[in-house]
Amino acid sequence: MGDTGSNRITGNGIRDKFDSVFYVDVPDSLNGNITEAVLDVVLLDTNVSLGDPEAFYDYSNGFEDLAIFNKEDSDYLNVIAPGREEAPDVTLTNPVDTTVANWYYYPSSSTYYMAAYEDLFPAKGDYDFNDLVVAYQVTVMSNASSEVVGIEGIEYLLARGAAYNHDWHLKINVPGGSGSFTANIFYSNGTSEVLYSDQFFSDVLDLNLFQNTKILFPPNFSEYTNTPQEAGFGLSPKVTYSISFTQPTPLSSIEEAPFDPYLFVKNGITRCSSFLALQK
C-alpha cells in the first residue's frame, strides 16, 4: 500500500514508494490450481476533526495505491517498515480520557423515579395507573471535560395489575454517541439471567429491561401482583445495566431526565407512554 498519486509509483525505485505490506495465506492444497483471485478492500470510516490518529488514516483525499510485490521487495519493506515510523503515537497525540471524574444521579443518589402506567392508552381505561409500576434510577458518569464515558442504572418492577402482558423499556437519546451495554435481571428466588452482553448501540439507547412482565414475579403470585391487598406481597425482580461509550460524548447531548420510560403492551401491540412519574 502506498501514497495517493501515481508519481509515487511510476518513479524509480518501487521499494521506497510504498508504506506497508500485508499477506494473504494460500493453503498448499490450492497451490497451482488458482486461476483467479479477487481482493475486496474496505477502508475504515474516519473523523479527521479528531486529529491524529484518525486524520493519519484518512484516505478521502484520493485513492490508495496497491501493488503485488515479489518476495524480495516485500521482505525489504517489512524490515524498514516506513509506514510504522510515520504513524502517530495514539497515546501522545489523541489521548481519550475515560477516567470518571463526576457522577450525576437521576433523580438523586438515594431516590428513584416511580413510573406508573395505564396500559389501555389512548383509552382512559380504569385510570388506576397500576397496570405496571417501575422504580428506576440512572447514573451518568463523565470525565473532567464534562464528556459522558458511561451510564449505569437500576430498576425494580414493583407491581403489575393487568391482564395484558408487557415489555418495559428505558429509552435514552444520545446523538453522536455509540458503544456497548450489558444488562442482567435478578429474580426473587436468587437466580439471575443475562439480558444483554456487549450489545452495540449508536445514537439511541432503547433498553428492553423487563420483558414479558406477566411471568417475572414468583409463580405463586397471580398476574395481579402487589396491587390487590388480599393477594399478598411478591418480591420485586431487579435489573441492572452498564453502558460504555466508544468515545467520550458531550454531556449536553444526552437526553434530559427522566428520559423516555415507556411500556410496550404486547397484547394490544401499542406503545404506552401514559404514565405518572414521581420521585420516591
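A. Seen up close, the overall build of the protein. Counting its secondary structure elements, the protein contains 4 helices and 11 strands. Within the protein, the proportion of its 280 residues that are buried is 35%. A separation of at least 24 residues holds for 70% of the contacts in the protein among residues at least 6 apart in sequence. Accessible area of the protein: about 16,600 Å², with a carbon and sulfur share of 52%.

B. Structural detail: the packing of aromatic side chains. Within the structure shown, the criterion is met by 8 aromatic pairs. Relative to Trp168, the ring of Tyr136 lies with its centre 5.7 Å away and its plane at 55°, an arrangement referred to as tilted. Taken together, the positions of Tyr136 in strand 3 (residues 132–142) and Trp168 in strand 5 (residues 166–186) put the pair 32 residues apart, joining distant regions of the chain. Between Phe201 and Phe245, the aromatic rings sit 5.5 Å apart at their centres with planes inclined by 85°, giving edge-to-face as the arrangement. Of the two residues, Phe201 sits in strand 6 (residues 192–211) while Phe245 sits in strand 8 (residues 238–250), which places them 44 residues apart along the sequence. You'll find Phe201 and Phe245 in the same group, each marked buried. Among the aromatic residues, those joined into a cluster by ring pairs are Tyr113, Tyr136, Trp168 and Phe210.

C. Structural view of the pairing of strand 4 (residues 147–161). Taking burial as the measure, the 15 residues of strand 4 include 11 buried ones, the bulk of the element. Two strands pair when backbone bridges link them, and strand 3 and strand 4 are joined in this way by 10 bridges, in the antiparallel orientation. Residue pairing in the sheet places Val140 in a bridge with Ile151 of strand 4. Here strand 3 folds back onto strand 4, and the loop between the two strands holds 4 residues, one of which, Ser146, carries a positive phi near 60°. When strand 4 meets strand 8, the two strands line up antiparallel, connected through 9 bridges. Across the sheet, Ile151 pairs through a bridge with Ile243, a residue of strand 8. Taken together, the 2 bridges between strand 4 and strand 7 (residues 224–225) define a ladder with antiparallel strand orientation. Considered in strand 7, the bridge of Gly161 is made with Tyr224.

D. Molecular detail of the environment of Leu43. Structurally, Leu43 is set in the loop between helix 1 (7–10) and helix 2 (71–80). In this structure the C-alpha to C-alpha distance between Leu43 and Asp58, which are 15 residues apart in sequence, comes to 8.7 Å.

E. The arrangement of the pattern of salt bridges in detail. For the coordinates displayed, the defined rule picks out 1 salt bridge. Lys266 is paired through a salt bridge with Asp167; the nearest N and O atoms lie 3.2 Å apart. Here Lys266, found in the loop between strand 9 (260–265) and strand 10 (270–272), pairs with Asp167, found in strand 5; they are 99 residues apart in sequence, far enough to count as distant.

F. The nonpolar core, seen in detail. Ranked by size, the top nonpolar core spans 35 residues in total, and within it Trp168, Leu170, Tyr241 and Ile243 carry the most contacts. Counting residues per element, the ones that place at least two in this core are strand 2 (113–117), strand 3, strand 4, strand 5, strand 6, strand 8 and strand 9. Once residues within four sequence positions are removed from consideration, Ile243 is found in contact with Val149, Gly150, Ile151, Ser180, Phe181, Phe201, Leu205 and Leu207.

G. Here's a closer look at the side chain of Glu155. As for its placement among the helices and strands, Glu155 is situated in strand 4. For the buried Glu155, no salt bridge exists, and the shortest N-O distance to an oppositely charged side chain is 9.8 Å, to Lys238. The contacts of Glu155, once residues within four sequence positions are left out, are Val134, Ala135, Tyr136, Gln137, Trp168, Leu170, Leu209, Phe210, Pro237, Lys238, Val239 and Tyr241.

H. Main features of a nonpolar patch on the surface. Taken together, the side chains of Phe22, Val24, Leu39, Val41, Leu43 and Leu66 define a hydrophobic patch exposed on the protein surface, amounting to about 560 Å² of accessible area. We classify Val24 as exposed; its relative accessible area is 61%.

What counts, and at which threshold
- Residues numbered from 1 in each chain as written.
- Predicted model: local features only at pLDDT ≥ 70, side-chain atom pairs only at ≥ 80, totals over all residues.
- Heavy atoms only, no water.
- Helix = DSSP H or I, 4+ residues; strand = E, 2+ residues; numbered from the N terminus.
- Buried < 20%, exposed > 50% of the residue type's maximum accessible area, 1.4 Å probe, protein only.
- Contact = heavy atoms within 4.5 Å.
- Areas by Shrake-Rupley, 256 points an atom, 1.4 Å probe, with all protein chains shown as cover.
- Phe/Tyr/Trp six-rings, centres within 6.5 Å; stacked < 30°, edge-to-face > 60°.
- Pairing = 2+ DSSP bridges.
- Salt bridge = Lys/Arg side-chain N within 4 Å of Asp/Glu carboxyl O.
- Core = buried A, V, L, I, M, F, W, Y, C linked by side-chain atoms within 4.5 Å.
- Lys, Arg positive; Asp, Glu negative; His and termini not counted.
- Patch = residues over 30% accessible without salt bridge, like charges linked within 9 Å, V, L, I, M, F, W, Y side chains within 5 Å.

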